[in-house]
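Residues per chain, in single letters:
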Protein chains: 2
Amino acid sequence: VLLDMPEGLKLGGEKREVTLLMSDLRGFTAMAERLEATEVVALLNHYLSAMVELIHHHGGTIDEIIGDAIFVLFGAPMVMPDAARRAVRCAINMQKAMRGVNEYNFQMDWPEIEMGIGIHTGEVVVGNIGSTKRSKYGVVGRTVNLTARIESFTVGGQVLVSPTLINAVGRGLILGDEVKVHAKGMREPLKCRELLGHGDYPELMLEAEETIFAMLSKPLP
Amino acid sequence: VLLDMPEGLKLGGEKREVTLLMSDLRGFTAMAERLEATEVVALLNHYLSAMVELIHHHGGTIDEIIGDAIFVLFGAPMVMPDAARRAVRCAINMQKAMRGVNEYNFQMDWPEIEMGIGIHTGEVVVGNIGSTKRSKYGVVGRTVNLTARIESFTVGGQVLVSPTLINAVGRGLILGDEVKVHAKGMREPLKCRELLGHGDYPELMLEAEETIFAMLSKPLP
């Protein structure tokens, strides 16, 4: 017997260009194993509260929070002409806010935490996705997977941006080193750049990360 | 200025052994690019509706649906002595239900879809995770990452189970080939096994997948 599909689920689904921002904490899983369960949740919730406030302030829509990872949409559900630029400003402010988060952690005798952020602009399918009983607004497509991939190449404190994001923002971006992002199904690596700031917000500069050194200083797999 | 943390967020957080089930569709992203946006959402929602119904029937709690991926908890929020066994039965039934899903897809002139499932048992931190404005029940820890990793090693139609899941179920499992799962931060690969069925449900046998052939038949990266 086939399931009948309610009419409501047949509606919806639209292709749209959006900017996606994904962040997560470096080494959080290993760190969490050395803390009490109540501390893990309290540390996580304090960090997430600070970030969510900033994301809302910049007009981002939080699609998912999965553990220490945050997935944010700019340009959906509402169309946003300056989506890419808003995402850039949001990401820089999120990194800047980590100092305050870590001051609190220090007071609480919790470990210091470091976040990486990836930002990418591209086409997605937006719509209400899920079952008849449980559907929520969400996005699907290669752009989503690629944003996660870009984010996974960051070191703590870093923001990496894709070529299409750079193009969508236009003038004003202050960029650092190139980071080649290899992804499944792509012949050529995606030439991403470290985001250091934007000419219009000189007070918001990030320091360049020592990417190569940081990568070498990690334990070998 | 530091954020004050509301008392509510300080509460919660508990270590617990649970069984996690993760599923997603093989090659869905590439397939979605050849369909209309409305078809992508309709196909996805029909598939998800069928799976969600089965998951609820077997006592699983859906933690997240992210695009074509489903993340299910057994043993949280409610403690469940037979969590591992329930997850096994659920996974087999999910794979069996794909025939009906694909019959519907064929009628709709949509492509055939194939799902992979990973199941793993281990300790997680459970609690209400998120910001002051937006928190939801969830789980964090290495067990979550490892379940996703196990699932990523499946081929379409396959269920892979971890050694701790096999141990938690005890007698009755019918297992196929070993699949070595390599994960970040682990010296030794995790020796997972293909799940074919359970002696108590002889009507629910899955066919062994030609893992090696299937892996070779994929386009090279």
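Residues numbered from 1 in each chain as written. Chains lettered and ligands numbered in written order. Predicted model: local features only at pLDDT ≥ 70, side-chain atom pairs only at ≥ 80, totals over all residues. Heavy atoms only, no water.

### A short note on the overall build of chain A
Part 1 of the reasoning: Across its full length, chain A carries seven helices and eight strands.
Part 2 of the reasoning: Across the 221 residues that make up chain A, the buried fraction comes to 53%.
Part 3 of the reasoning: Sequence-distant contacts in chain A: of pairs separated by 6 or more residues, those separated by 24 or more amount to 66%.
Part 4 of the reasoning: When the accessible surface of chain A is split by element, carbon and sulfur atoms take 53% of a total near 10700 Å². (Helix = DSSP H or I, 4+ residues; strand = E, 2+ residues; numbered from the N terminus. Buried < 20%, exposed > 50% of the residue type's maximum accessible area, 1.4 Å probe, protein only. Contact = heavy atoms within 4.5 Å. Areas by Shrake-Rupley, 256 points an atom, 1.4 Å probe, with all protein chains shown as cover.)

### Regarding helix 4 (residues 83-107) of chain B
Part 1 of the reasoning: Its 25 residues place the ends of helix 4 of chain B 36 Å apart at the C-alpha level, agreeing with the 36 Å of an ideal helix rising 1.5 Å per residue.
Part 2 of the reasoning: If you look at helix 4 of chain B, its biggest bend is around 25°, right at B:Met98. (Expected span 1.5 Å × (residues − 1). Bend = angle between axes of the 7 residues up to and from the residue.)

### With respect to the relation of the copies chain B and chain A
Part 1 of the reasoning: Once chain B is rotated about the relating axis by 180° and shifted along it by 0.0 Å, it coincides with chain A to within an RMSD of 0.0 Å. Each copy turns onto its partner about a two-fold axis. Distance from the rotation axis, computed per C-alpha, reaches its smallest value in chain B at B:Glu64: 4.3 Å.
Part 2 of the reasoning: Most of the interface of chain B is mirrored in chain A: 100% of its interface residues are interface residues there too. (Least-squares fit on C-alpha atoms with pLDDT ≥ 70 in both.)

### What to know about the packing of helix 3 (residues 37-57) of chain B against helix 4 of chain B
Residue and element names in this part refer to chain B.
Part 1 of the reasoning: Relative orientation of the contacting elements helix 3 and helix 4 amounts to 150°, with a least axis distance of 10 Å. By the criterion of interaxial angle, the relationship of helix 3 to helix 4 is roughly antiparallel. Between helix 3 and helix 4 the crossing geometry is right-handed. Between helix 3, through Leu-43, His-46, Tyr-47, Ala-50, Met-51, Leu-54 and Ile-55, and helix 4, the contact on the second element is made entirely by Cys-90, Asn-93, Met-94, Ala-97, Met-98, Val-101, Tyr-104 and Asn-105.
Part 2 of the reasoning: Class assignment for the residues of the contact of helix 3 with helix 4 results in 12 nonpolar, three polar and no charged. (Axes fitted to C-alpha atoms, helices over the stretch in contact; angles between N-to-C directions. Parallel < 35°, antiparallel > 145°, perpendicular 65-115°, else oblique. Left-handed = near helix turned anticlockwise from the far one by under 90°. Nonpolar A, V, L, I, M, F, W, Y, C, P; charged D, E, K, R; others polar.)

### With respect to the pattern of salt bridges
Part 1 of the reasoning: Evaluation of the coordinates by the stated rule reveals 20 salt bridges over all chains.
Part 2 of the reasoning: Between B:Arg171 and B:Asp200 there is a salt bridge, and its shortest N-O distance comes to 3.4 Å. Remark: B:Asp200 occurs in the loop between strand 8 (190-198) and helix 7 (211-217) and B:Arg171 occurs in the loop between helix 6 (163-169) and strand 7 (173-181); sequence separation between them is 29 residues.
Part 3 of the reasoning: Take B:Arg171: its relative accessible area is 59%, and that puts it in the exposed class.
Part 4 of the reasoning: A salt bridge links B:Glu178 to B:Lys180; its shortest N-O distance comes to 3.3 Å.
Part 5 of the reasoning: It is possible to trace a salt-bridge network through shared partners that takes in A:Asp24, A:Arg26 and A:Glu151. (Salt bridge = Lys/Arg side-chain N within 4 Å of Asp/Glu carboxyl O.)

### A look at empty space enclosed by the protein
Part 1 of the reasoning: In total, this model carries one cavity of 30 Å³ or more according to the counting rule given.
Part 2 of the reasoning: In this structure, the largest cavity spans a volume of roughly 90 Å³.
Part 3 of the reasoning: Forming the boundary of the largest cavity are A:Ile65, A:Ile66, A:Gly67, B:Asp63, B:Glu64, B:Phe71, B:Ile129, B:Lys136, B:Tyr137, B:Gly138 and B:Val139.
Part 4 of the reasoning: Where the lining of the largest cavity is concerned, the elements lending two or more residues are strand 2 (61-66) of chain A together with strand 2 (61-66) and strand 5 (135-140) of chain B.
Part 5 of the reasoning: It is strand 5 of chain B that contributes the most residues to the lining of the largest cavity, four residues altogether.
Part 6 of the reasoning: Of the residues in the lining of the largest cavity, the class split is six nonpolar, two polar and three charged. (1 Å grid on protein atoms, 1.4 Å probe; cavity = no way out; pocket = protein on both sides within 12 Å on 5 of 7 lines; lining within 4 Å. Points joined across faces, edges and corners; volume = space filled by probe spheres on them.)

### Here we look at unusual backbone geometry
Part 1 of the reasoning: The omega torsion across A:Ala76 and A:Pro77 is -5°, close enough to zero to call that bond cis.
Part 2 of the reasoning: By the secondary structure assignment, A:Pro77 is in the loop between strand 3 (69-74) and helix 4 (83-107).
Part 3 of the reasoning: With phi around 65°, B:Asp109 is a residue other than glycine that occupies positive phi space.
Part 4 of the reasoning: Position of B:Asp109 among the secondary structure elements: in the loop between helix 4 and strand 4 (115-130).

### Considering the interface of chain B and chain A
Where interface size is quoted, it is often the accessible area lost as the parts come together.
Part 1 of the reasoning: Contacts between the two partners involve 50 residues from chain B, matched on the other side by 50 residues from chain A.
Part 2 of the reasoning: Buried surface at the junction of chain B and chain A, summed over both partners, amounts to about 4400 Å²; 63% is from carbon and sulfur atoms.
Part 3 of the reasoning: The interface formed by chain B and chain A includes two salt bridges.
Part 4 of the reasoning: Residue B:Glu33 is joined to A:Arg142 by a salt bridge in which the shortest nitrogen-to-oxygen separation is 2.7 Å.
Part 5 of the reasoning: The tally of links from chain B across to chain A stands at 14 residue pairs in polar contact (both at pLDDT 80 or more).
Part 6 of the reasoning: Of all the secondary-structure elements, those providing two or more residues to the side of chain B that touches chain A are strand 1 (14-25), helix 2 (28-32), helix 3, strand 2, helix 4, strand 4 and helix 5 (142-152) of chain B. (Buried area = accessible area lost by both parts, 1.4 Å probe. Polar contact = N/O pair within 3.5 Å; in protein donor to acceptor, adjacent residues only side chain to side chain.)

### As for the pairing of strand 2 of chain A
As a general feature of sheets, a regular strand has side chains that alternate between the two faces.
Part 1 of the reasoning: Here strand 2 of chain A pairs with strand 3 of chain A via five bridges, running antiparallel. Its bridge partner lying in strand 3 of chain A, A:Ile66 is registered against A:Ala69. (Pairing = 2+ DSSP bridges.)

### Some points on the environment of B:Leu196
Part 1 of the reasoning: Within the fold, B:Leu196 resides in strand 8.
Part 2 of the reasoning: Residues contacting B:Leu196, with those up to four places away along its chain left out, are B:Ile174, B:Leu175, B:Gly176, B:Leu204, B:Met205, B:Leu206, B:Glu207 and B:Ala208.

### Side note on helix 5 of chain B
Part 1 of the reasoning: Looking at helix 5 of chain B, one finds that the buried residues are B:Thr143, B:Val144, B:Leu146, B:Thr147, B:Ile150 and B:Glu151. Around the axis of helix 5 of chain B, the buried residues are gathered within 165° of arc, so they sit on the same side. (Arc of directions from axis to C-beta.)

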